[in-house]
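Coordinate inspection notes
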Amino acid sequence: MMTLDEARARDAADPLRGFRERFALPEGVIYLDGNSLGPLPRAAAAAAEDCVGRQWGERLIRGWNEGWIDAPARIGGKIARLIGAGADEVIVADSTTVNLFKAIVAALRLDPARRTVVSELGNFPTDLHIAQGAVGCVEGARLKAVPRDRLADALDGDTAVLVLTHVHYKTAERFDMAAWTQRAHAAGALVLWDLSHSAGAVPVDLGAAGADLAVGCGYKYLNGGPGAPAYLHVARRWQAALGNPLSGWMGHAAPFAMEDRYRPAPGMARWLAGTPPVLGMAALEAGVDLMLEADMAAVAAKSAALFDAMAAIGDALGLECVSPRDPAARGSHISFRHREAHQLCQALIAEGVIGDFRDPDILRLGLTPLYLGFADVVRAGDILAAILREGRHRDPRFAVRRAVT
Ligand SMILES: Cc1ncc(COP(=O)(O)O)c(C=O)c1O
């Protein structure tokens, strides 16, 4: 196990150490939840203030022609660089949930001979819930959700789209994107990747994998703020053929021509529905810009090393690690299964170590290299060890479940 001195030496030699001060992290907190809600980049606070005070306050409606209307495509083009896509293949819009709906319905409408959406049981709930809603909107369509080990068998000539989350929200298991894209294509289906736990966390190359569609959220590793707008990727080769079922005026070829009849915009603009959330996008853009400054190879290498440090602590404490040990097979968080995971998580939070709990028994700790150091991991491990040793998590107040766990 790493000592605090060794950890400090690793931090001093860390090529990413300069990023920590770019975040407004509160004193006394070790933040292991950047995989759920990224912390506040100082630049995002400034961008939001400028957006409210100067742009909204002074420029008023003139702001639309001073950067607001272009923001979905502009920020999409930046996110594209984090996920191996072309700048013209990504747009910022809506939430991940809504983008999943748009993409699944579009995929189902592409080929009426294919009626099945295939996904994984245990996928993030919204992916399955929205797929259930999407198939309900397309005649004859159905969802086939199967365990991971039966996914390959579930693909057949009836599959319209395979919907997978690249990095699993609980275990951090990572699908081999190229291999699964190829499997879907071999069955004649499209593949739709949910990159919510991938973008900014692990290297992603949608282009090299030949992926068709992807979605992801802005508030985790992209540090775009609570409820930040999400993004959608459509491979260039599908952009003319796929249509947005939420055909709103912002996706029209000429929104301000005020035509009665919907005509989809060319390219990614058709995936917009209504007016873009300008305030949210201002913060998101700052978060994405910051992420783009980091070398993804350095991020991945440090994530792997932070994982090893935390896994060694877990091993020493006898905790069951459910995340893959192979860095290429996982994302950037570590999860431990524990009967009292909820209480442990609450006890940690009470001592300034913020992670999260996923029902029924997962303690999930995000290992985000831009602002987390090795000394943080060692200190968090010491606190966790003390809680377990002294049974502090058994305090009845830690059993209370709040609305958001
Ligand atoms: C894989 C995945 N998809 C989607 C979401 C959330 O989607 P939305 O932002 O629409 O609530 C999450 C949130 O944690 C997630 O982990």
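Residues numbered from 1 in each chain as written. Predicted model: local features only at pLDDT ≥ 70, side-chain atom pairs only at ≥ 80, totals over all residues. Heavy atoms only, no water.

1. Description of the environment of K170
Stated formally: By the criteria applied, helices consist of DSSP H or I runs no shorter than four residues and strands consist of E runs no shorter than two, each listed in order from the N terminus. Contact between two residues is taken to exist if any of their heavy atoms lie within 4.5 Å; hydrogens are not considered.
For K170, the position within the fold is in the loop between β5 (159-165) and α7 (177-186). Along the chain, K170 and A134 lie 36 residues apart, while their C-alpha atoms are 24 Å from each other. With residues up to four places along the chain from it excluded, the contact list for K170 reads H333, S335, R358, D359, P360, I362 and R364.

2. So, the nonpolar core
The tendency in soluble globular proteins is for nonpolar side chains to be buried side by side. Where we set the bar: We define the nonpolar core as a collection of buried residues of types Ala, Val, Leu, Ile, Met, Phe, Trp, Tyr and Cys that are connected through side-chain atoms lying within 4.5 Å of one another. For the exposure calls, accessible area comes from a 1.4 Å probe over protein chains only, and a residue counts as buried if that area is under 20% of its type's maximum, exposed if over 50%, partly exposed in between.
If you look at the biggest cluster of nonpolar residues, it comprises 52 residues, and the most contacted ones within it are I83, W193 and L206. For this core, the element with the most residues is helix α3 (residues 71-83), which contributes 6 residues. Counting 33 residues, the second-largest nonpolar core is a separate cluster that includes L306, F307, A309 and I387.

3. Thoughts on the side chain of D33
Filter applied, for reference: All tallies of charge rest on Lys and Arg as positive and Asp and Glu as negative; His and the ends of each chain are not included. Salt bridge, as applied in this entry: a Lys or Arg side-chain nitrogen positioned within 4 Å of an Asp or Glu carboxyl oxygen.
Its location among the elements puts D33 in the loop between β1 (30-31) and α2 (42-59). It turns out D33 is buried and unbridged, and the closest side chain with the opposite charge, R364, is 4.6 Å from it. Here D33 is in contact with I354, G355, D356 and G366, once residues within four sequence places are set aside.

4. Comments concerning the site of the ligand
Note the following rule: Nearness is judged by heavy atoms alone; a residue qualifies as near a molecule or strand once a single heavy atom is within 4 Å of it. Pairs of N or O atoms are called polar contacts if they sit within 3.5 Å, as long as, within protein, a hydrogen donor faces a hydrogen acceptor (for residues adjacent in sequence, only side-chain-to-side-chain pairs). In short, Shrake-Rupley with a 1.4 Å probe defines the accessible areas, and a residue's cover is counted only from the protein chains shown. Each residue receives one of three labels: charged for Asp, Glu, Lys and Arg, nonpolar for Ala, Val, Leu, Ile, Met, Phe, Trp, Tyr, Cys and Pro, and polar for the others, Gly being one of them.
In the vicinity of the ligand, the residues found are S95, T96, T97, F124, T126, D127, T165, D194, S196, H197, Y219 and K220. Measuring from an oxygen atom of the ligand, one finds a side-chain N or O atom of Y219 at 2.7 Å. Across the complex, the protein chains shield 85% of the 400 Å² of accessible surface that the ligand would expose by itself. Listing elements by their share of the shell around the ligand, those giving two or more residues are α4 (96-110) and α5 (125-136). When its residues are assigned to classes, the shell around the ligand shows 2 nonpolar, 7 polar and 3 charged.

5. So, helix α12 (residues 374-390)
Formally: An expected span of 1.5 Å times one less than the residue number is assigned to each helix.
Taking 1.5 Å of rise per residue, the 17 residues of α12 would be expected to cover 24 Å, and the 24 Å separating its terminal C-alpha atoms lies within 8% of that figure. At the exit of α12 stands G391, carrying a positive phi of roughly 65°.

6. Regarding the packing of helix α1 (residues 4-12) against α12
The criterion, for reference: Simply put, an axis is a line fit to the C-alpha atoms, just over the touching stretch for a helix, and the angle between two N-to-C directions goes from 0 to 180 degrees. Relative orientations are named as follows: roughly parallel for angles under 35 degrees, roughly antiparallel for angles over 145 degrees, roughly perpendicular for angles from 65 to 115 degrees, and oblique for any other angle.
At a closest axis distance of 7 Å, the pairing of α1 and α12 adopts a crossing angle of 155°. By the criterion of interaxial angle, the relationship of α1 to α12 is roughly antiparallel. On the side of α1, the interface is formed by L4, A7, R8, R10 and D11, while α12 contributes F374, A375, V378 and R379. For the contact of α1 with α12, a count of residues per class yields 5 nonpolar, no polar and 4 charged.

7. Re the packing of aromatic side chains
As a reminder of what qualifies: Paired rings are identified among Phe, Tyr and Trp, the last through its six-membered ring, by centres lying within 6.5 Å, and are further divided according to the angle between planes into stacked (under 30 degrees), edge-to-face (over 60) and tilted (the rest).
By the definition in use, this model includes 6 aromatic pairs. Here W64 and W68 contribute two aromatic rings whose centre-to-centre distance is 5.3 Å and whose plane-to-plane angle is 90°, an arrangement assigned as edge-to-face. We classify W64 as partly exposed; its relative accessible area is 22%. A relative accessible area of 10% places W68 in the buried class. Connected via pairs of aromatic rings, a cluster forms that spans F175, W180 and W193.

8. Considering the pairing of strand β7 (residues 213-216)
Rules: At least two DSSP bridges between two strands are required for those strands to pair.
Here β7 shows a buried face lined by L213 and V215 and a second buried face lined by A214 and G216. In this sheet, β7 lies alongside strand β6 (residues 190-194) in parallel orientation, the contact comprising 3 bridges. By the bridge assignment, D194 is partnered in β7 with V215. Relative to strand β8 (residues 231-234), β7 runs antiparallel, the two being bridged by 4 bridges.

9. Regarding the sheet that holds β8
Taking strand neighbours across the sheet as the criterion, the 7 strands line up as β2-β8-β7-β6-β5-β3-β4 in an open arrangement whose pairing is mixed. Only two strands of the sheet have a single neighbouring strand rather than two, namely β2 (90-92) and β4 (142-146). Going from strand to strand, the sheet's axes swing by 20° on average, the running direction of each strand aside. With 5 bridges joining them, strand β3 (residues 116-120) and β4 adopt parallel strand pairing. Its bridge partner lying in β4, V117 is registered against L143. Along the sheet, α7 makes contact with β5 and β6, crossing β6 at roughly 150°.

10. What about unusual backbone geometry?
D359 connects to P360 through a cis peptide bond whose omega is 0°. With respect to the helices and strands, the residue P360 is situated in the loop between β12 (356-358) and β13 (362-366). Phi is positive for D94, which is not a glycine, with a value near 50°. Considering the arrangement of structural elements, one finds D94 in the loop between β2 and α4. With a phi close to 55°, N223 is a non-glycine residue in the positive phi region. Inspection of the secondary structure puts N223 in the loop between β7 and β8.

11. A word on the pattern of salt bridges
The full count for this structure, using the stated rule, is 28 salt bridges. Across the pair R114 and D111 runs a salt bridge, and its minimum N-O distance is 3.6 Å. In this structure R114 comes out as buried when scored by relative accessible area, which is 15%. When its relative accessible area of 30% is taken as the criterion, D111 is described as partly exposed. As a salt-bridge pair, D395 and R397 come within 3.2 Å of each other at their nearest N and O atoms.

12. Structural notes on the packing of helix α11 (residues 341-350) against α12
Between two packed helices, the angle of one axis relative to the other and the distance separating the axes together describe the packing. Filter applied, for reference: Each crossing gets its handedness from the near helix: less than a right angle anticlockwise from the far helix is left-handed, clockwise is right-handed.
Axis separation between α11 and α12 bottoms out at 10 Å; the angle between their running directions is 125°. Put simply, α11 runs oblique to α12. Classified by chirality, the crossing of α12 by α11 is right-handed. Across the interface between the two elements, L344, A347 and L348 of α11 pack against I383, L384, I387 and L388 of α12.

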